[in-house]
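Structural features, examined
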Amino acid sequence: MQPAISVLGMGRMGSALAHALLKAGHPTTVWNRTPAKAAPLAAAGAEVAASVRNAVAASEVVIVNVSDYQATQSLLRDKEVAGALEGRLIIELTSGTPDGGREAHGWAQRQGARYLDGAILATPDFIGTEAGTLLVSGPSAVFEEGRNVLGALGGNVQFIGEDPGLANALDSAVLALMWGALFGALQSIAVCRAEAIDLGVLARQWTATAPVVEGLVSDLIKRSAAGRYDADAETLSSVSPHYSAFHHLVDLMEARGLDRTITGGYEAIFRRAIEAGHLHDDFASLSQFMGQPA
Ligand SMILES: NC(=O)c1ccc[n+]([C@@H]2O[C@H](COP(=O)([O-])OP(=O)(O)OC[C@H]3O[C@@H](n4cnc5c(N)ncnc54)[C@H](OP(=O)(O)O)[C@@H]3O)[C@@H](O)[C@H]2O)c1
């Protein structure tokens, strides 16, 4: 018999989580602020709790997935609800900050609850599939306890560390990579439109270029980890050719009157590195100019 789980929040993601738990055979209780959104879950076999307090009382494991940590706090930090959390395992799957995860862990401990903080690196359609990725941090013994439940949510559950803030920290780091690519694509689209290049051509070019970009990103991460900033025999490209090519883009954007908010940021990082004498070093040397190391 699978353990009973309660899920707070029946938005797009929370609903997917609850469906996956039902599919894995967990007796599942759900609650949502707007009750109508819980109806499809009731039809699929979930119990619908009339209050957060009842949902928490129904199961030893409580999964929370609402819009942000403030919303979570408004639900759990009610006196009656907090009183019912003793002995429960809270799995917070709402997106948040590292400090938010750490603070929530401390608060949960003071209520006598065990706590894991998770970040979901997947869209709802991946939940319950082998490719569903969840990052989880918190006490390792508690992770072992929650492993089976988390396994029902995705085939790629990764324990990131004992510090409860780490899952959110890595989530933000990965999202930074993703937005780099997405905002880069917005710039490409603007350039293509300004130069009357069909976006289908750009799509095909992206398919051809993506493996090159992937190789560059992997190399950048590896070299930064090793602190190999000087150009050497394995350097793929130094700062200098990147900076020249970058200026072709800036000149084109200026000539066509395109928004240069993003390239203004790139320029600032390039300038810091070049002024510090890194023009002929590996591109990875720029990683020293993106803020304070941990
Ligand atoms: N969707 C994704 O692809 C995805 C991927 C990774 C992570 N996530 C994370 O998953 C979380 C939920 O995302 P979602 O896509 O499911 O969003 P969503 O569809 O907009 O649902 C938001 C949920 O939060 C609830 N909520 C908001 N404020 C509340 C409050 N003050 N009190 C009680 N409930 C409140 C909403 O209740 P009502 O129905 O009553 O408004 C709803 O259940 C977010 O932290 C998001 O970053 C989502």
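Residues numbered from 1 in each chain as written. Predicted model: local features only at pLDDT ≥ 70, side-chain atom pairs only at ≥ 80, totals over all residues. Heavy atoms only, no water.

Thoughts on the overall build of the protein
Within the protein one finds 11 helices and 8 strands. With the principal axes as the frame, the protein shows a C-alpha extent of 65 × 40 × 30 Å. Looking at the protein as a whole, 39% of its 294 residues qualify as buried. Entry remark: accessible area of the protein is about 15400 Å², with carbon and sulfur atoms responsible for 58%. In the protein, 21 positive and 31 negative side-chain charges are present, and the distance between their average locations comes to 5 Å. (Helix = DSSP H or I, 4+ residues; strand = E, 2+ residues; numbered from the N terminus. Buried < 20%, exposed > 50% of the residue type's maximum accessible area, 1.4 Å probe, protein only. Areas by Shrake-Rupley, 256 points an atom, 1.4 Å probe, with all protein chains shown as cover. Lys, Arg positive; Asp, Glu negative; His and termini not counted. Charge placed at Lys NZ, Arg CZ, Asp CG, Glu CD.)

Quick word on the pairing of strand S8 (residues 156-161)
Note: strand S7 (residues 133-137) against S8, 5 bridges, orientation parallel. Bridging from a neighbouring strand, Ser 137 pairs with Gly 161 of S8. Running through helix H7 (residues 140-151), the crossover from S7 to the neighbouring parallel element S8 is right-handed. (Pairing = 2+ DSSP bridges. Right-handed = clockwise from strand over helix to strand, strands pointing away.)

Brief notes about the site of the ligand
Every one of the 21 residues lining the ligand counts as a neighbour, but Met 13, Asn 32, Thr 34, Lys 37 and Ser 95 are closest to it. In the environment of the ligand, an oxygen atom lies 2.9 Å from a nitrogen or oxygen atom belonging to the side chain of Arg 33. A total of 900 Å² of accessible area belongs to the ligand in isolation, and the protein chains cover 75% of it. Within the residue set of the shell around the ligand, elements represented by two or more residues are helix H1 (12-23) and helix H4 (69-76). (Near = heavy atom within 4 Å. Polar contact = N/O pair within 3.5 Å; in protein donor to acceptor, adjacent residues only side chain to side chain.)

A short note on the sheet that holds S8
On the basis of which strands lie adjacent, the open sheet formed by 8 strands has the order S3-S2-S1-S4-S5-S6-S7-S8 and mixed pairing. Among the strands making up the open sheet, the edge pair consists of strand S3 (47-48) and S8. Looking at chain direction, strand S2 (residues 28-31) and S3 are connected through 2 bridges and run parallel. By the bridge assignment, Val 30 is partnered in S3 with Val 48.

Details of the domain arrangement of the protein
Once the domains are mapped, the protein shows domain 1 (5-161) and domain 2 (198-289). Once you take the C-alpha centre of each, domain 1 and domain 2 turn out to be 40 Å apart. (Domains from an automatic or database assignment.)

Things to note about the packing of helix H10 (residues 239-256) against helix H11 (residues 261-275)
Their axes nearest at 11 Å, the elements H10 and H11 cross at an angle of 150 degrees. In terms of orientation, H10 and H11 fall into the roughly antiparallel class. As H10 runs across H11, the sense of the crossing is left-handed. Residues Val 239, His 242, Tyr 243, Phe 246, His 247, Leu 249, Val 250 and Met 253 of H10 lie in contact with H11, whose contacting residues are Thr 263, Tyr 266, Glu 267, Phe 270, Arg 271 and Ile 274. A per-class count over the contact of H10 with H11 returns 9 nonpolar, 3 polar and 2 charged. (Axes fitted to C-alpha atoms, helices over the stretch in contact; angles between N-to-C directions. Parallel < 35°, antiparallel > 145°, perpendicular 65-115°, else oblique. Left-handed = near helix turned anticlockwise from the far one by under 90°. Contact = heavy atoms within 4.5 Å. Nonpolar A, V, L, I, M, F, W, Y, C, P; charged D, E, K, R; others polar.)

Brief notes about helix H8 (residues 166-194)
The terminal C-alpha atoms of H8, which comprises 29 residues, lie 42 Å apart, in line with the 42 Å expected from a rise of 1.5 Å per residue. Among the residues making up H8, those that are buried are Ala 167, Asn 168, Asp 171, Gly 184, Gln 187, Val 191 and Cys 192. Ala 196 sits one or two residues past H8 and shows a positive phi near 55 degrees. (Expected span 1.5 Å × (residues − 1).)

A word on the nonpolar core
For soluble globular proteins, the rule of thumb is that nonpolar side chains tend to be buried together. Ile 63, Ile 91 and Leu 153 are the most contacted members of the largest nonpolar core, which has 31 residues in total. Of all the secondary structure elements, the ones that give two or more residues to this core are strand S1 (5-8), H1, strand S4 (61-64), strand S5 (89-92), strand S6 (114-120), S7 and H7. No other element matches the 7 residues that H1 contributes to this core. Once residues within four sequence positions are removed from consideration, Ile 63 is found in contact with Ile 5, Ser 6, Val 7, Leu 8, Leu 17, Leu 21, Ile 91, Leu 93, Val 149 and Leu 153. If you look at the next biggest cluster of nonpolar residues, it comprises 21 residues, including Val 56, Val 64, Val 81 and Tyr 115. (Core = buried A, V, L, I, M, F, W, Y, C linked by side-chain atoms within 4.5 Å.)

Some remarks on the packing of H8 against helix H9 (residues 199-226)
Packing of H8 against H9 leaves a shortest axis separation of 12 Å and a crossing angle of 145 degrees. The handedness of the crossing between H8 and H9 comes out as right-handed. Each of Leu 177, Ser 188, Ile 189, Cys 192 and Arg 193 in H8 lies in contact with H9, whose residues at this interface are Leu 199, Leu 202 and Val 217. Here the contact of H8 with H9 is built from residues that sort into 6 nonpolar, 1 polar and 1 charged.

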